[in-house]
Amino acid sequence: MANDDQFKKVISHAKEYGYVFQSSEIYDGLSAVYDYAQNGVELKKNIRDYWWKAMVQMNDNIVGIDASIFMHPTTWKASGHVDAFSDPLIDNKDSKKRYRADVLVEDYCAKIEAKIEKEVKKAAKRFGDAFNKEEFVSTNGRVVGYQEKIDSILKRLGQSLEKEDLADVKALIEELEIACPVAGSRNWTDVKQFNLMFGTKLGASAETAMDLYLRPETAQGIFVNFLNVQKTGRMKIPFGIAQTGKAFRNEIVARQFIFRMREFEQMEMQFFIKPGTQKEWFEYWKETRLKWHKSLGLGDENYRFHDHEKLAHYADAATDIEFKFPFGFKELEGIHSRTDFDLKQHEEFSGKKLQYFDHEDKANYTPYVLETSIGLDRMFLAVFSNALVEEELENNTTRTVLKLPAVLAPNKAAILPLVKKDGLPEIAKQIVEDLKWDFNVTYDEKDAVGRRYRRQDANGTPFCITVDHDTLEDNSVTIRHRDTMEQKRVKIEDLKEIIKAEVDVKHWLKKMK
Ligand code: ATP
């Protein structure tokens, strides 16, 4: 299936099966704002829990907080967001469409990358089992040429952005002959910076109202609480503070469904360390976060690191964990070595000391910070798009199945009476009553059982449990596995343990070890 078609399928499946709706759809929606529906909210909560358990519950030196979305406006002066939280934008004069200049260039590079992938596929077919991808991409003249072109374009883009040389970003777009995807023309305006923060007001009267921002990242709520947490939690460096919550950005171009939203949720952890140790902690968190991703079984080949050419004003090293979305490899999570920039800035702007007394060294210092920052909605899209597959079955039919990792699935089991009579619904409902203490389960009696299986497959439910006439005799039921479609006869009293073995967080998170 072409990637575009696959992505369209993902969006329509998300709506049809109650995962994601467009916000205020009856008023034709609001651009880049989405609502999570009855199944989506469960999947999102399970992803959040999976992250929280791995970060907070499993680490005795990481604690959580829940800071407010509104913060004192000086926070954003200190953090640099008022002056520097902007994206370079460019308009096409014919279509009047607005683009992120850096994204136009990156999309151009993605097209060259697609050519590399095509060459690789062709060669893999030609050489068969003897094909060595690494050797091929490092020796094939055409592929090496493509890669060099990508590297030199991204290097120049990074350097121009770093130097704030927006004229050169425009020159690059012109030299590469990038055309507006809508108008097809190359009639561009100059590149300008555009601040992404949403402003609002606090207070009743116009004269006394205070200008506020909706937070563009959750991190600052952690920095301003650093000393409160350290003191009240008697935390010793190295330690981390984790937080999940909403963030808001007035994105210039917000396409690609929930990948880039104007209101989204982040899961961030700031790890406070001794200055000078940032390199090892950077490596540690890179590796640890990648293991977390891989533990979900979405395919190791779907992740890669992308080190930043252009570093944000606060960072001395940064990398992205990129995931292969239906529209290509894109950032899923950022890992940033933020130095002592934020704490120092807050010290300066607040006039309050934000230092740590190291009992071993008998000295005060401003800790350095290692940040892991992942978008919950992007993670949702990664999981959901990866899970949606069309399978050819042996009898020449197809089935749509949402192969969500069982630990994240909204419903763990559907309980189905084979027929709506003979006391079968009563037994099925009793099973629901017993299991719902431990898992989200659902009852379904409508349509033939085969159709109910298909419905639950498309919904991502890992198990279907069917109550039939034999159940009346021997208290056994059929349990059907979503992915293998294998069916087994088991005792009702064993159901809880069978389901638990596959959906338990422990079973999944242990894969990180
Ligand atoms: P991008 O380059 O895609 O704009 P970013 O580098 O600005 O992202 P960060 O500031 O590092 O993103 O934010 C951390 C994480 O928050 C990102 O890795 C991403 O998963 C998520 N995120 C950022 N912006 C958005 C958005 N507009 N919608 C959804 N998720 C987002």
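In what follows, the accompanying structure is described. Small disclaimer: the values here were computed from a predicted structure and weren't measured. (Residues numbered from 1 in each chain as written. Predicted model: local features only at pLDDT ≥ 70, side-chain atom pairs only at ≥ 80, totals over all residues. Heavy atoms only, no water.)

**Quick look at the overall build of the protein chain**
And then number 1: When its secondary structure is counted, the protein chain shows 18 helices and 23 strands.
And then number 2: For the protein chain, with 513 residues in total, the buried portion stands at 50%.
And then number 3: Taking as baseline every contact in the protein chain between residues at least 6 positions apart, the subset at least 24 positions apart corresponds to 65%.
And then number 4: Surface accessibility of the protein chain: about 25900 Å² in total, with carbon and sulfur atoms responsible for 49%.
And then number 5: Charged side chains of the protein chain number 78 positive and 85 negative; the gap between the two group centres comes to 1 Å. (Helix = DSSP H or I, 4+ residues; strand = E, 2+ residues; numbered from the N terminus. Buried < 20%, exposed > 50% of the residue type's maximum accessible area, 1.4 Å probe, protein only. Contact = heavy atoms within 4.5 Å. Areas by Shrake-Rupley, 256 points an atom, 1.4 Å probe, with all protein chains shown as cover. Lys, Arg positive; Asp, Glu negative; His and termini not counted. Charge placed at Lys NZ, Arg CZ, Asp CG, Glu CD.)

**What about the site of the ligand?**
And then number 1: The ligand sits among 16 residues. The nearest are Glu 251, Arg 260, Met 261, Glu 331 and Leu 332.
And then number 2: Take Gln 266: an N or O atom from its side chain is 3.4 Å from an oxygen atom of the ligand.
And then number 3: Calculation on the ligand without its partners gives an accessible area of 590 Å², and the protein chains cover 86% of this total.
And then number 4: The set of elements that each furnish at least two residues to the shell around the ligand consists of strand E10 (263–273), strand E13 (328–339) and strand E16 (368–375).
And then number 5: Here the residues of the shell around the ligand are counted per class, giving four nonpolar, five polar and seven charged. (Near = heavy atom within 4 Å. Polar contact = N/O pair within 3.5 Å; in protein donor to acceptor, adjacent residues only side chain to side chain. Nonpolar A, V, L, I, M, F, W, Y, C, P; charged D, E, K, R; others polar.)

**Describing the pattern of salt bridges**
And then number 1: Overall, the coordinates contain 41 salt bridges when judged by the stated rule.
And then number 2: The partner of Glu 265 in a salt bridge is Arg 48, and the shortest N-O contact between them spans 2.8 Å. Taken together, the residues Glu 265 in strand E10 and Arg 48 in helix H2 (residues 40–57) connect sequence positions 217 residues apart.
And then number 3: Residue Asp 444 is joined to Arg 455 by a salt bridge in which the shortest nitrogen-to-oxygen separation is 2.9 Å. Here Asp 444, found in the loop between strand E20 (441–443) and helix H15 (449–459), pairs with Arg 455, found in helix H15; they are 11 residues apart in sequence, far enough to count as distant.
And then number 4: The partly exposed category is assigned to Arg 455, whose relative accessible area is 27%.
And then number 5: Each of Glu 391, Arg 399, Lys 403, Arg 454, Asp 457 and Arg 480 takes part in one network of salt bridges that share partners. (Salt bridge = Lys/Arg side-chain N within 4 Å of Asp/Glu carboxyl O.)

**Let's talk about H2**
And then number 1: A rise of 1.5 Å per residue sets the reference length of H2, with its 18 residues, at 26 Å; its end C-alpha atoms lie 24 Å apart and thus fit the reference within 8%.
And then number 2: Every buried residue belonging to H2 is among Gly 40, Leu 43, Lys 44, Asn 46, Ile 47, Tyr 50, Trp 51, Ala 54, Met 55 and Val 56, and all of these are buried. (Expected span 1.5 Å × (residues − 1).)

**Focus on the packing of H2 against helix H13 (residues 376–387)**
And then number 1: Look at H2 against H13: their axes get within 10 Å of each other, and the N-to-C directions meet at 110°. Overall, the two elements H2 and H13 adopt an arrangement that is roughly perpendicular. Contact residues: H2 offers Gly 40, Leu 43, Lys 44, Ile 47 and Arg 48, while H13 offers Leu 376, Asp 377, Met 379, Phe 380, Val 383 and Phe 384.
And then number 2: Partitioned by chemical class, the residues of the contact of H2 with H13 number seven nonpolar, one polar and three charged. (Axes fitted to C-alpha atoms, helices over the stretch in contact; angles between N-to-C directions. Parallel < 35°, antiparallel > 145°, perpendicular 65-115°, else oblique.)

**Details of the environment of Tyr 34**
And then number 1: Among the secondary structure elements, Tyr 34 is positioned in strand E2 (residues 34–36).
And then number 2: Residues Tyr 34 and Thr 400, spaced 366 residues apart in sequence, show a C-alpha to C-alpha distance of 24 Å.
And then number 3: Non-local contacts of Tyr 34, meaning those with residues more than four positions away in its chain, are made with Val 20, Phe 21, Gln 22, Ser 23, Phe 257, Ile 258 and Met 261.

**Considerations on the packing of aromatic side chains**
And then number 1: Enumeration over the complete set of coordinates arrives at 25 aromatic pairs.
And then number 2: Seen in terms of ring centroids, Trp 281 and Tyr 284 are 5.3 Å apart; in terms of plane orientation they differ by 80°. Their pairing is edge-to-face. One end of the pair is Trp 281 and the other is Tyr 284, both in helix H11 (residues 278–295) and three residues apart, which spans about a single turn.
And then number 3: Taken together, the ring pairs connect Phe 7, Phe 259, Tyr 303, Phe 323, Phe 325 and Phe 327 into an aromatic cluster. (Phe/Tyr/Trp six-rings, centres within 6.5 Å; stacked < 30°, edge-to-face > 60°.)

**A closer look at the environment of Lys 330**
And then number 1: Structurally, Lys 330 is set in strand E13.
And then number 2: Setting aside residues no more than four positions away along its own chain, Lys 330 makes contact with Asp 107, Phe 259, Ile 321, Glu 322, Phe 323 and Phe 325.

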